[in-house]
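# An overview of the molecular structure
Residues per chain, in single letters:
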Amino acid sequence: MAGSGPSATRPGRRVLAIALPHLAAEARLRHEGNPGLPAPFAIAGAVKNALCLVSVSPAAQAAGLHPGQTLADARAICPDLITRPARPERHQVTLRALARWAEQFSPLVGLDRDDTLVLDISGCAHLFGGEAALCAQVAAACAGLNLTARIGLADTRGGAWALAHLAPGIAPAGQTRRVLEDMPVGALRIEAATVEALSALGLATIGALARIARGQLARRFGLQTLKRLDQALGAEPEPISPDRARPHFAARLSLPEPIGLTRDVMAGLERLLERVCADLAREYQGARHLRLTATRVDSRDESAEIRLARPGRDPMRLRALFERKVGEMDAGFGIDSLRLVALETEPLKPSQTGRESKSERVHDLISRLGNRIGFENVTRFQPNDSHIPERAFTIAAAAWSEPQSFPAGRQRPLTLFAPEPLGDGQGRDLPRRFLWRAQRFHVHSATGPERIAPEWWWDDPAWRTGLRDYWWVQTAEGPRLWLYRTHHPQVAWWVQGLGD
């Protein structure tokens, strides 16, 4: 029987779960300044190509609406329903903010799905007057935020989640299994289809499911069902991973007197760069996008932004990129404060200091050009796995690609253009003289042929004539040309490239 062996739960461990069933709807009402709106309110979003309710307010729930209901059905039931579009990214920001808010009750706060906070309160309850007093304080704090909260407390994370969602309350220490036995299997955080299949077999409660042989349970309903059962009953540990906020790299400098000269702003920027770069080095991060904001005495802000081709944290290199941008700022009647923030960062391992490498100089050049004309306009050629001349390369933004060398053995023109016919190009033999671009050329020497076949998986109109035989031709007049002839019944000669 599940959980009949020694408990895997840490002795004395207690977990508190805060279920927020109306979080998205109530958070949106709070954001719009209408907490406690008496009218039915819901958040609507796309679910499997249908517009459905994803969160409802308590008033909407009282009117018979529920998440998962199509918007058309909801409006038929409640014509006065007020809706707002779903914003998943804002919901995640709200969840992370609530996790940090809940750290006033426990240092270990995690998230479970999209509507539940889980707190490891082991050793914390006595600071609030006991478990019952702690739950009351949590409920009052949630009510102060205009959030509906359902609280469960048990020895396990799964047990606390089950109580919070189905039967809010406190399971006495060591009694979690007994409290959960009569609860429905839907409290185990398993798929709805699995719940229906278990109910069809008469396994409607957690206690009934726990009495089934483990091997049969795993074979019939999968290891995930067995795992959720063990986690709820304490036979398998389920840790709580705190959702820590990402480090914020920013620094501010308040000035005793307003400044307006470029050299004074640059001096202040140097101090800010030293602080921000030290923080970046501590976290092994490099900046890709930085913004300097100067607040003027008239409360207006002037900004200067730079981007980098590669993450960096060298104050002097960053200063050089800022110099032109700072010179374009309008100081007005003076600047009161400066603020520097790294808007985008990436991992950057420590590097050996010493002589500046060639790649670093190239990255500095790309950064300078990108900040002037846009990084999308600074490109490089990259090799492509194709023997067709026109498709043997691709063009990539230099800031977001690594340089690659072209394969050796294929001599290609320095300048490649669309094929242009020769004026006197007739016959299968290489012509000894020909007319091209209104100029007469004589062949001095030639190398070839190199036969190139079209790629059958590409329908390229330019290659529908079939095979091509290419020659390198050194003309007596100087230009080195790349010629080819087709194997079409009407043989024709073309020029496609110009060598060095």
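What comes next is a walk through the structure. Predicted model, so just to flag it, every value in this text is computed and none were measured.

## A few points about the overall build of the protein
The helix and strand inventory of the protein stands at 14 helices and 20 strands. A total of 500 residues make up the protein; the buried ones form 41% of that total. The contacts in the protein between residues at least 6 apart in sequence include a share of 58% that link residues at least 24 apart. As displayed, the protein offers around 27000 Å² of accessible surface, 53% of which is attributable to carbon and sulfur atoms.

## Overview of the pairing of strand β11 (residues 301-312)
As a general feature of sheets, a regular strand has side chains that alternate between the two faces. Of the pairings in the sheet, the one linking strand β10 (residues 285-296) to β11 comprises eight bridges and is antiparallel in character. Each bridged residue has a counterpart across the sheet, and for leucine 292 the counterpart in β11 is alanine 304. Once β10 ends, the chain turns through four residues before running back antiparallel as β11, passing serine 299 with a positive phi of about 70°.

## Observations regarding a nonpolar patch on the surface
Residues Leu365, Leu369 and Ile373 make up a contiguous nonpolar surface patch of about 260 Å² in total accessible area. Mapped onto the secondary structure, leucine 369 falls in helix α14 (residues 358-373).

## Quick word on the packing of aromatic side chains
In the structure shown here, the tally under the stated rule is 12 aromatic pairs. Here tryptophan 101 and phenylalanine 105 contribute two aromatic rings whose centre-to-centre distance is 5.9 Å and whose plane-to-plane angle is 80°, an arrangement assigned as edge-to-face. Ring geometry for tryptophan 471 and tryptophan 493: centres 5.2 Å apart, planes at 45°, overall tilted. One end of the pair, tryptophan 471, is in strand β18 (residues 468-475); the other, tryptophan 493, is in strand β20 (residues 493-498), with 22 residues separating them in the sequence. For the residue pair tryptophan 471 and tryptophan 493, the accessibility class agrees, reading buried in each case. Geometry around tryptophan 463 places arginine 468 over its ring, the cationic atom sitting 3.7 Å from the centre. Above the plane of the ring of tryptophan 472 lies arginine 480, whose end atom (NZ or CZ) is 4.3 Å from the centre.

## So, the sheet that holds strand β5 (residues 109-112)
Across the sheet, which stays open at both edges, the five strands sit in the order β5-β6-β1-β7-β8 with mixed pairing between neighbours. At either margin of the open sheet sits one strand with a lone partner, and together these are β5 and β8 (169-170). Sheet topology note: the β5/strand β6 (residues 116-120) ladder contains four bridges and is antiparallel. Residue pairing in the sheet places glycine 110 in a bridge with valine 118 of β6. The strands that helix α5 (residues 131-144) touches are β1 (15-19), β7 (150-154) and β8; relative to β7, the one it contacts most, it runs at about 155°. With respect to the sheet, helix α6 (residues 157-166) is in contact with β1, β5, β6, β7 and β8, its orientation differing from that of β7 by roughly 150°.

## A few points about the packing of helix α1 (residues 23-31) against helix α4 (residues 88-101)
Helix-helix packing is described using two parameters, namely the angle between the two axes and the distance between the axes. As a packed pair, α1 and α4 sit with axes 11 Å apart at the nearest point and diverge in direction by 90°. When the axis of α1 is compared with that of α4, the two are roughly perpendicular. Taken together, the residues of α4 that come into contact with α1 (itself represented by Leu23, Ala24, Ala27, Arg28 and His31) are Arg90, His91, Thr94, Leu95 and Leu98. The class makeup of the residues in the contact of α1 with α4 is five nonpolar, three polar and two charged.

## Some points on the environment of alanine 42
With respect to the helices and strands, alanine 42 occurs in strand β2 (residues 41-47). On the basis of relative accessibility, which here comes to 0%, the residue alanine 42 falls in the buried class. The sequence separation of alanine 42 and glutamine 61 amounts to 19 residues, and the corresponding C-alpha distance is 9.2 Å. What alanine 42 contacts, discounting residues up to four positions off in sequence, is Leu53, Ser55, Val56, Leu81, Ile82, Thr83 and Arg84.

## Focus: the packing of helix α10 (residues 214-221) against helix α11 (residues 223-233)
Running from N to C, α10 and α11 point in directions that differ by 130°, and their axes come no closer than 6 Å. The angle between α10 and α11 falls in the class oblique. For the pair formed by α10 and α11, the contact residues are Arg214, Leu217, Ala218 and Phe221 on the first element and Leu223, Thr225, Leu226, Leu229 and Asp230 on the second.

## Describing unusual backbone geometry
The omega torsion of the bond from glycine 448 to proline 449 falls at 5°, within 30 degrees of zero and hence cis. Its place among the elements puts proline 449 in strand β17 (residues 439-452). Positive phi outside glycine occurs at asparagine 146, with the angle close to 60°. Locating asparagine 146 in the fold gives a position in the loop between α5 and β7. For serine 299, which is not a glycine, the phi torsion comes out positive at approximately 70°. Tracing the chain through its elements places serine 299 in the loop between β10 and β11.

## Topic: helix α13 (residues 315-327)
Owing to its 3.6 residues per turn, the α-helix brings residues three or four apart onto one side. Look at α13: 18 Å from first C-alpha to last across 13 residues, which is about the 18 Å you get at 1.5 Å a residue. Of all the bends in α13, the greatest measures close to 35° and is centred on leucine 321. Along α13, the residues classified as buried are Leu318, Arg319, Leu321, Phe322, Lys325 and Val326. At the N-terminal boundary of α13, the capping side chain belongs to aspartate 314, with an oxygen 3.1 Å from the backbone nitrogen of methionine 316.

## Structural notes on the sheet that holds strand β4 (residues 82-85)
Spatially, the three strands line up as an open sheet ordered β3-β2-β4, and their pairing is mixed. Looking at strand neighbours, the two that pair on one side only are β3 (50-56) and β4, the edges of this open sheet. Pairs of neighbouring strands in the sheet enclose a mean axial angle of 40°, with direction left out of account. Where β2 and β3 come together, six bridges link them in antiparallel fashion. Looking at the pairing, glycine 45 lines up with cysteine 52 of β3. This element, α1, spans β2, β3 and β4 of the sheet and lies at about 120° to β2.

## Focus: the side chain of arginine 485
Looking at where arginine 485 falls in the secondary structure, it is placed in strand β19 (residues 480-486). With near-sequence residues (within four places) excluded, arginine 485 lies in contact with Arg428, Leu467, Arg468, Asp469, Trp471, Ala492 and Trp493.

## With respect to the nonpolar core
Counting residues in each nonpolar core, the largest one holds 31 residues, and the members touching the most others are Leu180, Met183, Leu188, Leu198, Ile206, Leu209 and Leu229. Breaking this core down by element, the ones donating at least two residues are β1, α6, α8 (192-200), α9 (206-210), α10 and α11. In this view, leucine 209 contacts Val185, Leu188, Leu198, Leu203, Leu217, Thr225 and Leu229; residues no more than four positions away in its chain are not counted. Within the second largest apolar cluster, 30 residues are counted, among which are Met266, Ala294, Leu321 and Leu340.

Basis of the calculations
- Each chain has its residues counted from 1, running along the sequence as written.
- Note on the predicted model: pLDDT of at least 70 is required for a residue's local features to be given, and 80 or more for side-chain atom pairs to be given and counted; whole-chain, interface and lining totals, by contrast, use all residues.
- As a convention, hydrogens and water are excluded, and side-chain values are obtained from all of the structure's heavy atoms.
- By definition, any uninterrupted DSSP run of H or I lasting at least four residues is a helix, any uninterrupted run of E lasting at least two residues is a strand, and each is numbered from the N terminus.
- Relative accessibility decides the category of a residue: with a 1.4 Å probe and only protein chains considered, values under 20% of the type maximum give buried, values over 50% give exposed, and everything between is partly exposed.
- By definition, residues are in contact when any of their heavy atoms lie within 4.5 Å.
- A 1.4 Å probe and the Shrake-Rupley method give the accessible areas. Residues count as covered only by the protein chains that appear here.
- Two strands make a pair as long as DSSP finds a minimum of two bridges between them.
- Exposure above 30% relative accessible area and the lack of any salt bridge qualify a residue for a patch; like charges then connect within 9 Å, and the nonpolar side chains Val, Leu, Ile, Met, Phe, Trp and Tyr within 5 Å.
- Between Lys or Arg on one side and Asp or Glu on the other, a salt bridge is scored when a side-chain nitrogen of the former is within 4 Å of a carboxyl oxygen of the latter.
- Two rings belonging to Phe, Tyr or Trp (six-membered ring only in the last case) form a pair when the distance between their centres is within 6.5 Å. Interplanar angles under 30 degrees mark stacking, angles over 60 mark edge-to-face geometry, and anything in between is tilted.
- For a ring to carry a charge above it, either NZ of a lysine or CZ of an arginine must fall within 6 Å of the ring centroid while also lying within 35 degrees of the normal to the ring plane.
- All axes here are fitted lines through C-alpha atoms, helices being fitted over the stretch that makes contact, and every angle between N-to-C directions spans 0 to 180 degrees.
- Should an angle fall under 35 degrees it is called roughly parallel, over 145 degrees roughly antiparallel, and 65 to 115 degrees roughly perpendicular, with every other angle called oblique.
- Classification used: nonpolar for Ala, Val, Leu, Ile, Met, Phe, Trp, Tyr, Cys and Pro, charged for Asp, Glu, Lys and Arg, polar for all others including Gly.
- The span expected for a helix works out to 1.5 Å for each residue beyond the first.
- Values of bend correspond, residue by residue, to the angle between axes fitted over the seven residues ending at that residue and the seven starting there.
- Between N or O atoms, a polar contact is any pair within 3.5 Å; within protein, one atom must be a potential hydrogen donor and the other a potential acceptor, and residues adjacent in sequence are included only when both atoms are from side chains.
- To form a nonpolar core, buried Ala, Val, Leu, Ile, Met, Phe, Trp, Tyr and Cys residues must be joined to one another through side-chain atoms within 4.5 Å.

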